Amino acid sequence: MSDRSCWEVVPGLEATYFLQHCRATETPVGAKLVRGLLRIRNQLVRECLAELLSTFVLIIITLGTAAQKIAFFETKGNLITSYVGSAIAVMVGIYVAGGISGAHMNPAFSLAMCLTGQFPWWKFPIFVVVQTLASFISAGAVYILYYDAIWHYSNGTLTVSGPRETASIFATYPADNVSLANGFLDQVIGTGVLLVGVMGLMDTRNKPVPKGLEPVAVALLVLSIECSMGANCGCPLNPARDIGPRLFTYVAEEERRVRANAREYNEKFQYASNCIKTSKYNIVTFLPVNLFEQFQEVANTYFLFLLILQLIPQISSLSWFTTIVPLVLVLTITAVKDATDDYVSGSPCAPLPTGQEFRHKSDNQVNNRQSQVLIGGVLRQEQWMNVRVGDIIKLENNQFVAADLLLLSSSEPHGLCYIETAELDGETNMKVRQAIPVTAELGDTSQLARFDGEVICEPPNNKLDKFGGTLYWKENKYPLSNQNMLLRGCVLRNTEWCFGLVIFAGGLRQQLLLCCTEQGERHPLMPSRSPGPDTKLMQNSGRTKFKRTSIDRLMNTLVLWIFGFLVCMGVILAIGNAIWEHEVGVCFQIYLPWDEGVHSAFFSGFLSFWSYIIILNTVVPISLYVSVEVIRLGHSYFINWDKKMYCAKRRTPAEARTTTLNEELGQVEYIFSDKTGTLTQNIMVFSKCSVNGHSYGDVQDMLGHKAELGERPEPVDFSFNPLADPRFQFWDPSLLEAVKLGDLHVHEFFRLLSLCHTVMSEEKSEGRRAAGSIPLGHRTLSLTPMLSTGELLYKAQSPDEGALVTAARNFGFVFRSRTPKTITVHELGQAITYELLAILDFNNIRKRMSVIIRSPEGKIRLYCKGADTILLERLHPVNQDLTSITTDHLNEYAGEGLRTLVLAYRDLEESYYRDWSERLHRAGSAEAREDHLAQLYDEVEHDMMLLGATAIEDKLQQGVPETIAILTLANIKIWVLTGDKQETAVNIAYSCKMLTDDMTEVFIVTGHTVLEVREELRKAREKMMDASRSVCNGFYQEKLSSKLTSVLEAIAGEYALVINGHSLAHALEADMEVEFLETACACKAVICCRVTPLQKAQVVELVKKYKKAVTLAIGDGANDVSMIKTAHIGVGISGQEGIQAVLASDYSFSQFKFLQRLLLVHGRWSYLRMCKFLCYFFYKNFAFTMVHFWFGFFCGFSAQTVYDQYFITLYNIVYTSLPVLAMGVFDQDVPEQRSMEYPKLYEPGQLNLLFNKREFFICIAQGIYTSILMFFIPYGVFADATRDDGAQLADYQSFAVTVATSLVIVVSVQIGLDTGFWTAINHFFIWGSLAAYFTILFTMHSDGLFRMFPNQFRFVGNAQNTLAQPTVWLTIALTTVVCIVPVVAFRFLKLDLKPELSDTVRYTQLVRKKQKTQHRCMRHAGRVGSRRSGYAFSHQEGFGELIMSGKNMRLSSLALSSFAPRPSTSWIETLRKKKGCEGSSAGSPSGATDKTLRV
Amino acid sequence: MENKKASFLPREGEAQPSRCPDNSAFKQQRLPAWKPQLTIASVLSSFFLTGAFCLTVGVCLVLSANSVREIQIDYSDKCSDCSKLRENTSNWNKECHCSVNFTLKEDILGDVFMYYGLQNFYQNHRRYVISRSDAQLLGRNVNIQRSSCAPFSTYRNGTPMAPCGAIANSVFNDTIDLFYNRNSSMIQVPLLKTGNSWWTDKNVKFRNPESYNLSSAFAGTARPPYWQKPVYLLDEENERNNGFVNDDFIIWMRVSAFATFRNLYRRVQRVRHFAEGLPAGNYTFQISYSILSDSLGLLERCREMERNLNTLLSDFPVTRFKGRKHVILSTVVWSGGSNPFLGIAYLASGTAATLTGFVITGIHLKLRKKKTYFQKQ
């Protein structure tokens, strides 16, 4: 019987027996027993695999039908489809494996088979495991398959019960009304019917099922059972179908059940404890875990593969250590790096606030913190790590929250409590959390000890602002939200105590975090961002997509090419070997027989292919990646160390948070900047106000004229007021006089400011303040110790409000404290408590906020402040005159770029108020609450009396205009993407010189529909083209016919584009995005206002997609995170708005102005150094390796190496690594000042000129050229030569030493040529490498080593014998000359004929050093003038002059820009033109606003 | 509770480690540095200096190389008699001599060195190069089966070969004698066979196993298959030239880098007639072939192949793989023997460097106007 026939379909379950029988007959008698055993075992494996497959198919289809039914709201499937689907699945399953394993697919079925004796018992457990495993896998597959749908369906919370449960996709659950006993019976009977049915079908005594159709019959049987018995329990019938997926749902925890005060109950779930462990390794696990991680690197695996190749004696052309030594070195460096990373908390580059502490140590510290846990009705002190899920713990004021808690009750009314989330998101303002009403009443421990509610909620995740769950208590359900949660890492503030139920303990999130850390792509030496103890914080920051630089990508491509090249060389040499062995080698066998096993020349060629792969592998140097990482690490340290990027005020140095992107900083073309907090300081300063038609706040000099900038008089003295904030400054004394004189309007004005707000106050009695309090003036000295007792602190939601309340405070209306119902104000030293009746809060539609106050006299008054557009409409008609004066003032303020608010009040009748509040109360509980409230608010806020207006200055960051100007000169385009209003954004753009008065035109796109936007964009483009046509006199005519883009790029004149969020939404649609992009890119400046965070990211994505340019996004707030993560490089400003942006960023610092240094100095140098490094690296490795290729033609293609094996081992890691690393780390082409002075120097990076495919081929060519000379010159000399003592010169070892020595000398000279900046370190490394070469050479060739290991050090005595020959030295000298001279010639000619700008700058510097011109002094003077602009408002008088001086400065430095490879003459023209019309533009301060309105 | 906070929030009144970076030259990237630049002066001077240097060296080398006298005689085809003798298989192990005559027109003065040269003999083949045991050659008693000598490590009966390996086995074993025909009498030219190898090789790298005499030192080993006599009989006259430290053997063991090479064979001893070197006149090389034993059957296999190819067979067989054998007489100078390549290469590169210098000067001068224009700006 042939084997094949054994495999033919054997019905049903006897297959295994049949097969074994068949095998037994087939096996010849006396076949080896071992072999037989092997067969049987194989058979079992085969069966198991078949069972696995069939069960997998069955379950995946069954679960798939359920998922389709449930996740799509029963629109794409219903009960019938799922029944039919699962029945057919049974059929498919049987067809898949029925012939091999019997396709039980069901443990119950297997059991029945065993019981009836048709299946051996010993196989039963195996089958059960396999079946369960299969269903587990298929559950996972279904989960992945329907991932999005399931998450969509469940709204992000996977639960077992409830309206949106998803667990029933995976496992079956009994219907709600089915009892346990009934369910059990249901299953037993169902399975029984199935078994009876199947047995009946199989029984030959019954009517036989047609052969091959048995599965169909079974399927029909299953369907019938499902239709009859499916309602109770969903008819699983199959333990595997249920257990596997249930296991899966357990592993992928879908929900969390926590019962209060029930440790035993909660322990069932084995939730993680609160103990945290941030370190990744311990001493024992370090080596295996780290090695495992490292060998996930492709490069490392490749070298491991090479190492294995080398162990095969027939092909090992090199000793094993030539690969293992470098590999071990690379692995060690990386491992040491990882270990330090793990041991020291915080990446080395990014000292997190934990400072110098060690991670292990800080873990312990956190774990041992004390907290009060309610155990058995008594509060006990417990360590944090002993806190369990389900415990109730008590927190006191200013304590850290120990775990993620459900707030149960607090000391404040209504279960309110206040928390500070600085640790989580960096926001320092207080947030309110509230317990749900039922638990809020549980005030004392005895009540709490009896609390036994159960919380069912989402599994742990990283969403800081979302939480979904339900509390089941006393037969009732209460929905829970994030409002009820206290997250670990928060600090309790202003709340005496509170109780919370532990929902998530620290450890679990930590594990998740580690998972995601490990999944993230790793890179040698990349400091993995250290997870701090605040797991949630780190989890939220997430692991950004691993960013790679364009050089990385290019490098990977090149490495692939080199692999291709390597294989080609291998093939050529292998063919050569086959031919040689066939022609010559076959006869040379008398002296050199072929190796055992080699019988043909062809096979020998095949072996020599692998041998050559081994010896030529050094073209892809093992140390490339690790060297690149070392260099980047060095650059990152330089960024961290840069004193000029250190902000003394905030005590924050710049920080390179990733070390992988440095060189891309030198290639940035587009910068996307946030406005608030980035360009501006997000510090609001109360600057001016208009009260009852009188404007206060102008800075006046002695004569009452408006003062020039920088000549401010003394600020107003607030010493009369002991509660005044010393940091507040105001320059107009008349306002204070008005207060002191008792001007009622002014009093009312400030009263409003002190009452109408949502600021929280805090009085510190210990004289200690938390850092990062709201700074109220630009000269915040937030770190000076303030030891006065009773210091008053405001915590405001928005800085505007803080500024206003502080202003009122200093003018004698001190907001002292608030309770939910009262506000206490010290009015000119007298404490008055107002009753707070209502707060009509601010929102984006209302654009105003009001409070209703009852004064101590009993008068009810509504105070309102809001946007002028809204508020002016709601004033009482009697205010008309006042309104017009105030409007004038408002326009004036707006023109200065100030933020304005209008203040008004209204007296309310007692009866009216009572009626209104009654209705308010009712509306609060009614449906459509929002609308009702809005209506009621609207009703009460009208007929108001105008009080005045305030103007707040949004302070620019220091040095913003200069930075933008310099970056623009560096041909970097800056787009501002802000959520702010159009007017504000435009104003700020003017004040930071992005928009200037002499721009040709500013286009404003504000269309609301697609058509409008398209039309506006088209018009803008046409205008630009018209202008360029007229300017250039048809010069561009022929170009017009070509692509639109090219025309737009050649636009003359300066344009700017302002687009708002609505229009942007349309502009970003697929059909218009290109149009938008072209228009926008033709403009000098682009401002997008009112954009959402998502749109920010979309704009960045758009530019990334079409422009193929490097983008950089800079921002400081949570709304910039998306953009920061999207852009190639994300920069976070560690500013006011928290640290989320910083956490998401790649670089962070605290001032926008540092950007110019980051890009123009660090970025430029990094790029330059990396490019030079790569060029040299590829060069040296080709020069080194290709010599073997040429030698192949002379040694019978036998894969004989040219060099000593030790030389091969050490060449890359000792002889040539350090000089090039030193160059890669320290090289500078021009000093840092010059790269700021000549921003044009930045251009080569943008154009990617220094390292691209062309440059790569040039280095490769140079390398190959060198290798040719390196081989053929010694060959020519040695071929027939003899030594001066008559002996042979051309022995192999002398030749090897000669070539190696000349190679080392040539590459050292070459690195000397490449190094442009010889620091002591470079000297040391270059000379040291040469010295090391000769030292090692003589050591290796010494007698001692040879006597110890004669077979390893065969070159004994070679160095001294060979290097004593004058011929050898003459050969080395000749090789060096011939290799280097052409390079020098080419370099010099390039320098002479086509100098780069950097060359010229260097040259002029050389000249300048000799001549000592007064150049520098002039420049210095220019700098002094421009420094003032930190205080400047937009385009006020006086600022223009500063711009002019700035321009002057840059024009002179531009003189050299014509050397640039891509001179933009039109651009220089514009600048010249600007210079010419300085005078005219300086005089019109309102010109800009006019222009913005013109379009 | 307080120390909890300390790790996160900087507290006032407490000395804090400054986060301000050090103001060191290293960290601020302001290390003093030499910034070399390619200026016209430095480039031109370096070119002309290089050119001058190369030309000088080149001239010296060419002159000295020309003063070397060299005579090279290919004898691989000339001794066809021996081949014929051996075609008769019964004679294949008979000794055979052949002579090659040549005439010196002028005296060769100074030290004269005699080399044998081989062409197309792949001493640099990877498998050949590694096929040796330096530990054995150092006189150590090592297990050569574990070395890379295979298949020339042991005989089938387990007797190790001394020396082992393909290099040792294939040692050049033609014997060449030089006769001076003076007045129809043949005077054998006295030749020195020691002192030809490197001092380190002779004294460090190769040592005989230590024993009271050489033959006992090599007891238990056998000669390599192609050898006629065991290693301790290589030079019976001179104890210091016998065994592993035999000069001919040492020189052969220093494998060549290329397939074509010459190895120093003998030096002319400057005595009597030959005190000044070799006088002009007629000379004869007498080459005696030794016998190859073919214990591995390799020879026979190749012989068969040769018969098919109709090529000549001689001993120390090289023609099979298109090899040639030479005998060479040469003198040396400071730069070694006759070596025209280096001198010519130096002359060529010197000329090229000088010319490039002129070209650069030309280009630079031509562009001077433009250049100054740039600089003024």
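Basis of the calculations
Residues numbered from 1 in each chain as written. Chains lettered and ligands numbered in written order. Predicted model: local features only at pLDDT ≥ 70, side-chain atom pairs only at ≥ 80, totals over all residues. Heavy atoms only, no water. Contact = heavy atoms within 4.5 Å. Buried area = accessible area lost by both parts, 1.4 Å probe. Salt bridge = Lys/Arg side-chain N within 4 Å of Asp/Glu carboxyl O. Polar contact = N/O pair within 3.5 Å; in protein donor to acceptor, adjacent residues only side chain to side chain. Helix = DSSP H or I, 4+ residues; strand = E, 2+ residues; numbered from the N terminus. Nonpolar A, V, L, I, M, F, W, Y, C, P; charged D, E, K, R; others polar. Disulfide = S-S within 2.5 Å. Buried < 20%, exposed > 50% of the residue type's maximum accessible area, 1.4 Å probe, protein only. Expected span 1.5 Å × (residues − 1). Pairing = 2+ DSSP bridges. Axes fitted to C-alpha atoms, helices over the stretch in contact; angles between N-to-C directions. Phe/Tyr/Trp six-rings, centres within 6.5 Å; stacked < 30°, edge-to-face > 60°. Lys NZ or Arg CZ within 6 Å of the ring centre and 35° of its normal.

*Asks:* Can you walk me through the interface of chain B and chain A in this structure?
*Replies:* Often, the extent of an interface is quoted as the loss of accessible area on bringing the components together. The interface is formed by 108 residues belonging to chain B together with 131 residues belonging to chain A. Summing the contributions of chain B and of chain A, the shared interface buries around 10600 Å²; its carbon and sulfur component is 61%. For the interface between chain B and chain A, the tally reads three salt bridges. Measuring nitrogen to oxygen at the nearest pair gives 3.4 Å for the salt bridge that ties Arg127(B) to Glu581(A). The tally of links from chain B across to chain A stands at 31 residue pairs in polar contact (both at pLDDT 80 or more). Here the side of chain B that touches chain A gets nine residues from one element, more than from any other, and that element is helix α11 (residues 340-366) of chain B. Class assignment of the residues belonging to the side of chain B that touches chain A gives a composition of 59 nonpolar, 30 polar and 19 charged.

*Asks:* When you look at the state of the cysteines in this model, what are you seeing that I'm missing?
*Replies:* Simply put, disulfide is the name for a covalent bond between the sulfur atoms of two cysteines. Residue and element names in this part refer to chain B. Going through the model one piece at a time under the given rule, you end up with one disulfide over all chains. Paired through a disulfide, Cys 149 and Cys 164 show a sulfur-sulfur distance of 1.9 Å. Taken as a pair, Cys 149 in the loop between α5 (134-137) and α6 (166-169) and Cys 164 in the loop between α5 and α6 lie far apart in primary sequence, 15 residues in all. A relative accessible area of 0% places Cys 149 in the buried class. The cysteine Cys 54 is free of any disulfide, with Cys 60 supplying the nearest cysteine sulfur at 12 Å. For Cys 54, a relative accessible area of 0% corresponds to the buried category.

*Asks:* Looking at this model, I keep getting lost on helix α2 (residues 40-66) of chain B. Mind explaining?
*Replies:* Think of an α-helix as turning once every 3.6 residues; residues three or four places apart then point the same way. For α2(B), with 27 residues, the first-to-last C-alpha span of 38 Å sits near the 39 Å given by 1.5 Å per residue. What α2(B) keeps buried is the set Val43(B), Leu44(B), Phe47(B), Thr50(B), Gly51(B), Cys54(B), Val57(B), Gly58(B), Leu61(B), Ser64(B) and Ala65(B). Where α2(B) is buried, its residues contact α52 (1366-1393) of chain A together with α11 of chain B.

*Asks:* How do you make sense of the sheet that holds strand β22 (residues 830-840) of chain A when you look at a structure like this?
*Replies:* Adjacent strands of a sheet form backbone hydrogen bonds with each other and so pair up, either parallel or antiparallel. Residues and elements named next belong to chain A. Spatial strand order, β17-β16-β26-β25-β24-β23-β22-β21-β20: nine strands in an open sheet with antiparallel pairing. Strands at the two margins of the open sheet, each flanked by one partner only, are β17 (694-696) and β20 (813-818). Ignoring strand direction, the axes of neighbouring strands in this sheet form an average angle of 30°. Note: strand β16 (residues 680-691) against β17, three bridges, orientation antiparallel.

*Asks:* What am I meant to see in the packing of aromatic side chains here?
*Replies:* Each aromatic ring pair is described using two quantities: the centre-to-centre distance and the angle formed by the ring planes. In this structure the tally under the stated criterion is 103 aromatic pairs over all chains. Taking the centre distance of 5.9 Å and the plane angle of 10° together, the rings of Phe1271(A) and Tyr1275(A) count as stacked. Placement of the pair is Phe1271(A) and Tyr1275(A) together in helix α47 (residues 1253-1278), with a separation of four residues, close to one helical turn. On the basis of relative accessible area, Phe1271(A) is assigned to the buried category, the value being 0%. Members of the aromatic cluster, each reached through a chain of ring pairs, are Trp580(A), Phe588(A), Tyr591(A), Tyr116(B), Phe121(B), Tyr122(B), Tyr128(B), Phe172(B), Tyr226(B), Trp252(B), Phe261(B) and Tyr265(B). When the ring centre of Phe1177(A) is taken as origin, the NZ or CZ atom of Lys1180(A), which lies over that ring, is 4.3 Å away.

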